[in-house]
Amino acid sequence: MIEFKLPALGSDMEEGKLLEWKAKPGDKVKRGDVVAVVDTSKAAVEVEIWEEGTMHEWIVQPGETVPIGAVLALLLAPGENPETAVRPEIAPVRPAAAPAPVAAPAAAAPAPGARRRISPAARKHAEDLGVNLDAVEGTGPGGAVTVEDIERAAKAAPPRRSAPPLLGEEGKAVQPTLDRAAEMRRAIALAMSRSKREIPHYYLSETISLARAAAWLEAENARRPMTGRLLMAVLTLRAVALACKACPDMNGHFRDGRFAPSAAVHAGVAISLRQGGLIAPGIHDVQAKSLSELMRNLADLVKRARAGSLRSSEMSDPTITVTNLGEGGVESVFGVIYPPQVAIVGFGTIARRPWVEDGEVRIAPAVVASLSADHRASDGHRGALFLAEIARLLQQPEKL
Amino acid sequence: MDALELRKTVVEELMRIAPELEEGELAGSRPLREQVDLDSMDWLNFLVALHERLKVEIPEADYAKLVRLDDIVAYLKSKQA
């Protein structure tokens, strides 16, 4: 049998809540099919499967929160018979990282982690009321937890909070909330703290003239219909991807003490969300796509990121990240690397600057491109070549 | 479409892009991008939405004319005439 597990949907995720199954037992699935929708603290993500098979049994039910790696469902491999297939042992599902309630009636709690009989309605009810299921005594058939049990427990115990306390200024715990913004803040804090703790960053920057790129873009957009218009962000994204081919030590993942370069460039794009927070889903195979295709992909990605509807592969496999903070008017941005990636390229605002070329001073639109890179995977010299390659590519926009 | 209707349409499309916006907060005489957090992707989406709704072409060269809400309404009015 195939175990379908909850993947890591970004380096800042620890657990996920199953929202919905997209394949029911008996349904055939193939590689790349969306089989479930999982809520991380950032977005509802459509989780794809990367094996072919037939959905056999749901292990986790909608509404349950489980840690990364938990088995969500079992599938039959092609040709496998449900009667004879060996069902793997599955560790009992535990609520992931739920802090113990302050005043749980401990005597009533069963052994932690034991698989209990809880009706979906009771489970839903427990969640709505913030009741810790481990602390509820079941009075239904076979010790099953019923809706009435949940209501009794809700009256007896204070509600469980889903996020551990956040530290405010001066280290004082602030009132925890179930607020999505707070959850996202916490997720970002975890990933970025891990990055700064584990990754020896080095930083480089270079000011690049966009005179040629801007002139080319203006002429190109004047020719295109409005709906096919390109943004400078697409040109810079493409330049980064092509530069990765010349400098492969910027593109890939650092795992288990070594760097594994990636042939494909899946570029994560930092997208700020209107309600606050940040998400960096990836565009696949940027090295192999035309500018028009990238523009469509980027527009679609921004739209879906803001609507909270992303796919698992977009969240889990970016090989490098690009951030455009220039919109806010800042001159430059030095990003924090998303582990397990090894580089993040930042572009500041595009501004008209004095520019010396052929011994003359001209006014040219220019941008500060920056690189934060992982010193375990590359050195400053390689990083400098990488930035120089991005600059060179942007001088030949027609070839992008 | 008269100026009032045009303004209503523009604000509607703007609020589709920036749902956090409240109509009463918008001053027609102040630069729009000082009042609403619009990046270049939002801006393009906003103009494309107006283009599709009003069947108006808005060349990039005209972006410089579209600073305040009042400017945008006047521009669209002139294009429709």
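Every chain's residues receive numbers from 1 upward, in the order its sequence appears when written. All chains are assigned letters beginning with A, and all ligands numbers beginning with 1, in the order in which they are written. The predicted origin of the model limits local features to residues at a pLDDT of at least 70 and limits the giving and counting of side-chain atom pairs to 80 or more, whereas totals for whole chains, interfaces and linings rest on all residues.

Secondary structure elements are defined from DSSP: runs of H or I of at least 4 residues count as helices, runs of E of at least 2 residues count as strands, and each element is numbered from the N terminus. When you go through chain B residue by residue, the secondary structure sums to four helices and zero strands. Its helices and strands taken in sequence order, chain B reads α-α-α-α from the N to the C terminus. In this treatment the radius of gyration is a C-alpha quantity, and the globule benchmark scales as 2.2 Å times the residue count to the 0.38 power. Since a compact globule built from 81 residues should have a radius of gyration of about 12 Å, the 11 Å found for chain B is in line with a globular shape. Principal-axis analysis of the C-alpha atoms places the extent of chain B at approximately 30 × 25 × 20 Å. Out of the 81 residues in chain B, the part that is buried amounts to 17%. Relative to all contacts within chain B whose residues are 6 or more apart in sequence, the contacts with residues 24 or more apart total 61%. With C-beta atoms placed from the backbone, a residue counts as buried when 20 or more other C-beta atoms lie within 10 Å of its own, as exposed when 12 or fewer do, and as partly exposed for counts between those limits. What counts as a contact here is a pair of residues whose C-beta atoms, placed from the backbone, lie within 7 Å.

This brings us to the packing of helix α1 (residues 3-17) of chain B against helix α3 (residues 40-54) of chain B. All names here are of chain B. Geometry is summarised by axes, namely lines fitted to C-alpha atoms with helices restricted to the contacting stretch, and by angles between N-to-C directions that run from 0 to 180 degrees. Closest axis-to-axis distance for the α1/α3 pair is 10 Å, and the angle between their directions is 140°. Of the possible angle classes, the one that applies to α1 and α3 is oblique. Considering the relative orientation of α1 and α3, their crossing is right-handed. Across the interface between the two elements, Thr9, Val10, Glu13, Leu14, Arg16 and Ile17 from α1 touch Asp42, Asn45, Phe46, Ala49, Leu50, Arg53 and Leu54 from α3. With respect to orientation, any angle under 35 degrees is reported as roughly parallel, any angle over 145 as roughly antiparallel, any angle of 65 to 115 as roughly perpendicular, and every other angle as oblique. Take the far helix as the reference: if the near one is turned anticlockwise from it by less than a right angle, the crossing is left-handed, and if turned clockwise, right-handed.

On to the interface of chain A and chain B, then. Counting from both sides, the interface comprises twelve residues of chain A and, opposite them, 13 residues of chain B. Elements with a minimum of two residues in the side of chain A that touches chain B: α4 (211-223) and α6 (291-307) of chain A. For the side of chain A that touches chain B, the leading source of residues is α4(A), giving three residues.

Moving on, we get to the confidence of the model for chain A. Averaged over chain A, the pLDDT score is 84; the fraction of residues at 70 or greater is 82%. A low-confidence stretch, residues 96-114 of chain A (pLDDT under 50), is modelled with 36 contacts involving residues beyond four sequence positions or located in other chains. The predictor reports its confidence for every residue as pLDDT, a score running from 0 up to 100.

With that out of the way, let us pick up α4(A). Residues and elements named next belong to chain A. A helix is expected to span 1.5 Å multiplied by its residue count minus one. The end-to-end C-alpha distance of α4 is 19 Å, a good match for the 18 Å that 13 residues give at a rise of 1.5 Å each. Within α4 the residues assigned to the buried category are Ala213, Ala214 and Leu217. Buried residues of α4, seen end-on, are gathered within an arc of 95° and therefore sit on one face of the element. α4 presents Ala219, Ala222 and Arg223 as exposed residues on the side facing more than 90 degrees away from its buried surface. Think of it as the arc spanned by the lines of direction from the helix axis to the C-beta atoms.

So, on to the environment of Leu385(A). Residue and element names in this part refer to chain A. With respect to the helices and strands, leucine 385 occurs in helix α8 (residues 380-394). For leucine 385, a count of 16 C-beta atoms within 10 Å gives the class partly exposed. Along the primary structure leucine 385 and cysteine 247 are separated by 138 residues, whereas in three dimensions their C-alpha atoms are 7.6 Å apart.

Residues and elements named next belong to chain A. At a minimum axis separation of 8 Å, helix α5 (residues 232-246) and α8 run at an interaxial angle of 130°. As summarised for this structure, α5 and α8 are arranged oblique, according to the angle between their axes. The hand of the α5/α8 crossing is right-handed. Along the contact surface, α5 presents Leu235, Ala239, Val240, Leu242, Ala243 and Ala246, while α8 presents Phe386, Glu389, Ile390, Leu393 and Leu394. Residues are grouped as follows: Ala, Val, Leu, Ile, Met, Phe, Trp, Tyr, Cys and Pro are nonpolar; Asp, Glu, Lys and Arg are charged; all remaining types, including Gly, are polar. Of the residues belonging to the contact of α5 with α8, the class tally is ten nonpolar, no polar and one charged.

Moving on, we get to the sheet that holds strand β7 (residues 65-67) of chain A. All names here are of chain A. Strand order in the open sheet formed by five strands is β7-β2-β4-β5-β18, with mixed pairing between adjacent strands. Looking at which strands have only one partner, the edges of the open sheet turn out to be β7 and β18 (309-311). Mean inter-strand twist for the sheet, computed between neighbouring axes without regard to direction, equals 40°. Note on pairing: DSSP must find at least two bridges between two strands before they are called paired. Two strands pair when backbone bridges link them, and strand β2 (residues 15-21) and strand β4 (residues 34-39) are joined in this way by four bridges, in the antiparallel orientation. In the strand pairing of β4, tryptophan 21 is matched with alanine 36.

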